[in-house]
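# Chain and residue survey
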Amino acid sequence: MGAGGAEPEDPASGEAAAPGKHYVCGYCAAFTNIAVTFPIQKVLFRQQLYGLRTQDAVRQLRRDGLRTLYRGILPPLLQKTTTLALMFGLYEDFSALLLSHARAPELVTRSVAAALAGTTEAVLTPFERVQTLLQDYKHHDKFTNTYQAFKVLKAYGMREYYRGLVPILLRNGPSNVLFFGLRGPIKQCLPEATSHSTHLVNDFICGGLLGAMLGFLFFPVNVVKTRMQAQIGGEFQSFSKVLVKIWLERDRKLMRLFRGAHLNYHRSVLSWGIINATYEFLLKLL
């Protein structure tokens with residue numbers, strides 16, 4: 001899912017943004033976000049994979065030591081910066097293209113553009129895959145950096161890089177459609193901004209609310225994705241099969257399937273707030 005930002009320029013208005021502007025703003029917004037929230041994401045990852053309580057996951061990271069706190073940051077940094085650059089840029093490009101050629105209602109056109117952008121992001125699945133492996137302490141003895149992880153997976157063939165692709169597709173397309181469709185209405189509900197600082201606050205609130213809502217909605221999908229991508233080699237199990245397996249392991253209790261969702265909620269408020277505010281700020285600045 002991408003971050004929220006300014007409304008796409010109307011192709012008919014003649015005020016289109018400079019080429020690549022949305023890509024650059026999305027890239028920089030993602031970089032800022034990853035640098036700030038990576039340790040929180042690592043705690044959340046442990047909860048998703050092992051069903052740990054927050055304090056247990058934090059204790060586990062403390063045992064690992066400060067030296068490994070940012071271990072695995074390169075894949076999400078590469079993946080998220082590129083993903084958000086593509087999401088913002090492609091959404092704007094697809095919107096402009098479809099609005100100028102399609103006769104469908106604008107809401108439908110923009111929804112299709114958002115879904116296409118989200119689906120395209122899935123080509124970067126290998127980075128998300130490697131990030132999962134590097135954050136799992138069970139694989140600490142197999143490799144110590146991104147290059148080694150990619151090298152280990154290479155022995156299993158190209159398909160191994162894309163393990164967990166289905167949940168990523170199920171997450172990216174729909175979440176992008178909801179995000180781009182709701183960010184405008186939510187911002188309109190906020191008090192009118194009269195200064196640069198209040199615009200920044202409104203953008204943070206808008207992005208944070210949307211990110212938290214969608215993060216919670218798609219949390220079980222990410223739990224399945226994490227479980228699928230933590231495996232190296234072996235059978236490629238279907239999304240439904242892995243979901244049922246996790247459901248049974250957690251005693252068929254919905255609350256346990258959402259273990260870590262509260263931390264994800266708070267992380268998403270901060271993460272998407274930073275992304276949205278940074279993106280909007282840079283969009284006005286450039």
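Starting afresh in each chain, residues are numbered from 1 along the sequence in its written order. Confidence filtering applies because this is a predicted model: local features only for residues at pLDDT of at least 70, side-chain atom pairs given and counted only at 80 or more, and all residues used for totals across whole chains, interfaces and linings. Each side-chain value is derived from all of the structure's non-hydrogen atoms; neither hydrogens nor water enter the calculation.

Attention shifts here to helix α8 (residues 165-189). Secondary structure follows DSSP: runs of H or I at least 4 residues long count as helices, runs of E at least 2 residues long count as strands, and numbering of each begins at the N terminus. Here the expected span of a helix is defined as 1.5 Å times the quantity of residues minus one. Between the first and last C-alpha of α8 there are 36 Å, a value that for 25 residues agrees with the 36 Å anticipated at 1.5 Å per step. Relative accessibility thresholds used throughout: buried, under 20% of the residue-type maximum; exposed, over 50%; partly exposed, between the two (1.4 Å probe, protein chains only). Among all positions in α8, only P167, I168, R171, N172, G173, S175, N176, F179, F180, R183 and G184 are buried. Here a residue-residue contact requires only that any non-hydrogen atoms of the pair lie within 4.5 Å. Buried positions along α8 lie against α3 (74-101), α4 (106-121), α5 (125-135), α9 (196-217), α10 (219-229) and α11 (239-249).

This part covers the packing of aromatic side chains. Under the pairing criterion, centres of Phe, Tyr and Trp rings, with the six-membered ring standing for Trp, must be within 6.5 Å; the plane angle then separates stacked pairs below 30 degrees from edge-to-face pairs above 60, leaving the rest tilted. Per the counting criterion, the structure on display carries 10 aromatic pairs. Between F179 and F180 the ring centres are 5.9 Å apart and the planes differ by 90°, which places this aromatic pair in the edge-to-face class. The rings of F88, Y91, F179, F180, W272 and Y279 are connected pair by pair, giving a single aromatic cluster. By definition here, charges over rings are those cases where NZ of Lys or CZ of Arg is within 6 Å of the ring centre and within 35 degrees of the ring normal. Across from the ring centre of F236, 4.0 Å away, lies the NZ or CZ of R159, which sits over that ring. Positioned above the aromatic ring of F236 is the side chain of R163, whose terminal nitrogen or guanidinium carbon lies 3.9 Å from the ring centre.

The next subject is the pattern of salt bridges. A side-chain nitrogen of Lys or Arg and a carboxyl oxygen of Asp or Glu constitute a salt bridge if their distance falls within 4 Å. Across all of its chains, the model carries 13 salt bridges by this definition. R171 is paired through a salt bridge with E128; the nearest N and O atoms lie 2.9 Å apart. Residue R171 is found in helix α8, and its partner E128 is found in helix α5; the two are separated by 43 residues along the sequence. A salt bridge links E160 to R163, with the shortest nitrogen-to-oxygen separation between them at 2.8 Å. On the basis of relative accessible area, E160 is assigned to the buried category, the value being 2%. We classify R163 as buried; its relative accessible area is 3%. The network of salt bridges with common partners includes R53, D56 and R59.

Let us now look at the packing of α4 against α8. How two helices pack is summed up by the angle between their axes together with the distance between the axes. Contact pair α4 / α8: the axes reach a minimum separation of 8 Å and the direction vectors enclose 145°. Note that α4 runs across α8; the crossing there is right-handed. Contacts from S111, A114, A115, A117, G118, T119 and E121 of α4 reach α8 at L169, N172, G173, N176, V177 and F180. All amino acids are sorted into three groups, where Ala, Val, Leu, Ile, Met, Phe, Trp, Tyr, Cys and Pro are nonpolar, Asp, Glu, Lys and Arg are charged, and the leftover types, Gly among them, are polar. Here the contact of α4 with α8 is built from residues that sort into 6 nonpolar, 6 polar and 1 charged. A fitted line through C-alpha atoms represents every axis, and for helices the fit uses only the stretch in contact; the resulting angles, taken between N-to-C directions, go from 0 to 180 degrees. If you view the pair so one helix is near and one far, a crossing is left-handed when the near helix is turned anticlockwise from the far one by less than a right angle, and right-handed when it is turned clockwise.

This next bit is on a nonpolar patch on the surface. Residues forming no salt bridge and having over 30% relative accessible area are the ones grouped into patches, like charges within 9 Å of each other and nonpolar side chains (Val, Leu, Ile, Met, Phe, Trp, Tyr) within 5 Å. Only the protein chains shown count as cover for residues, with accessible areas throughout obtained via the Shrake-Rupley method and a probe of 1.4 Å. Nonpolar side chains collect at one region of the surface, where V24, L200, F281, L285 and L286 lie side by side and expose about 480 Å² of accessible area between them. According to the relative accessible area criterion, L200 is partly exposed, its value standing at 37%.

Bringing unusual backbone geometry into the picture now. Even without being glycine, D251 reaches a positive phi, approximately 60°. On the secondary structure map, D251 appears in the loop between α11 and α12 (254-257). With phi around 55°, R252 is a residue other than glycine that occupies positive phi space. Structurally, R252 is set in the loop between α11 and α12. The exposure class of R252 is exposed, given its relative accessible area of 57%.

A word on the nonpolar core. The biggest cluster of nonpolar side chains holds 24 residues, and the ones touching the most others in it are L84, F88, Y91, F180, I275 and Y279. For this analysis, a nonpolar core means a set of buried residues of the types Ala, Val, Leu, Ile, Met, Phe, Trp, Tyr and Cys, connected via side-chain atoms within 4.5 Å. One finds L52, V224, M228 and L257 within the second-largest nonpolar core, a separate group that totals 15 residues.

The next thing to look at is the packing of helix α1 (residues 21-50) against helix α13 (residues 261-285). Packing of α1 against α13 leaves a shortest axis separation of 8 Å and a crossing angle of 165°. Accordingly, the angle class assigned to the pair α1 and α13 is roughly antiparallel. Here α1 runs over α13; the crossing is right-handed. An angle counts as roughly parallel when it lies under 35 degrees, as roughly antiparallel when it exceeds 145, as roughly perpendicular when it falls between 65 and 115, and as oblique in every other case.

This brings us to the side chain of R267. In this structure, R267 sits in helix α13. A polar side-chain atom of R267 sits 3.2 Å from a polar atom in the side chain of Q41. The contacts of R267, once residues within four sequence positions are left out, are I40, Q41 and L44. Each polar contact in these results corresponds to two N or O atoms within 3.5 Å; when the atoms are within protein, one needs to be able to donate a hydrogen and the other to accept it, and residues that are neighboring in sequence are counted only if both atoms are side-chain atoms.

Attention shifts here to the side chain of N202. In this fold, N202 is placed in helix α9. Assessed through its relative accessible area of 9%, N202 is described here as buried. In contact with N202, other than residues within four places in its own chain, are L190, P191, E192 and A193.

This paragraph deals with helix α2 (residues 54-64). For α2, the set of buried residues is A57, Q60 and L61. Down the axis of α2, the buried set is contained in an arc of 95°. They therefore lie on one face. Turned more than 90 degrees off the buried face of α2, the exposed positions are R62 and R63. Against the buried residues of α2 lie α1. Note that the arc is computed from the directions linking the helix axis to the C-beta atoms.

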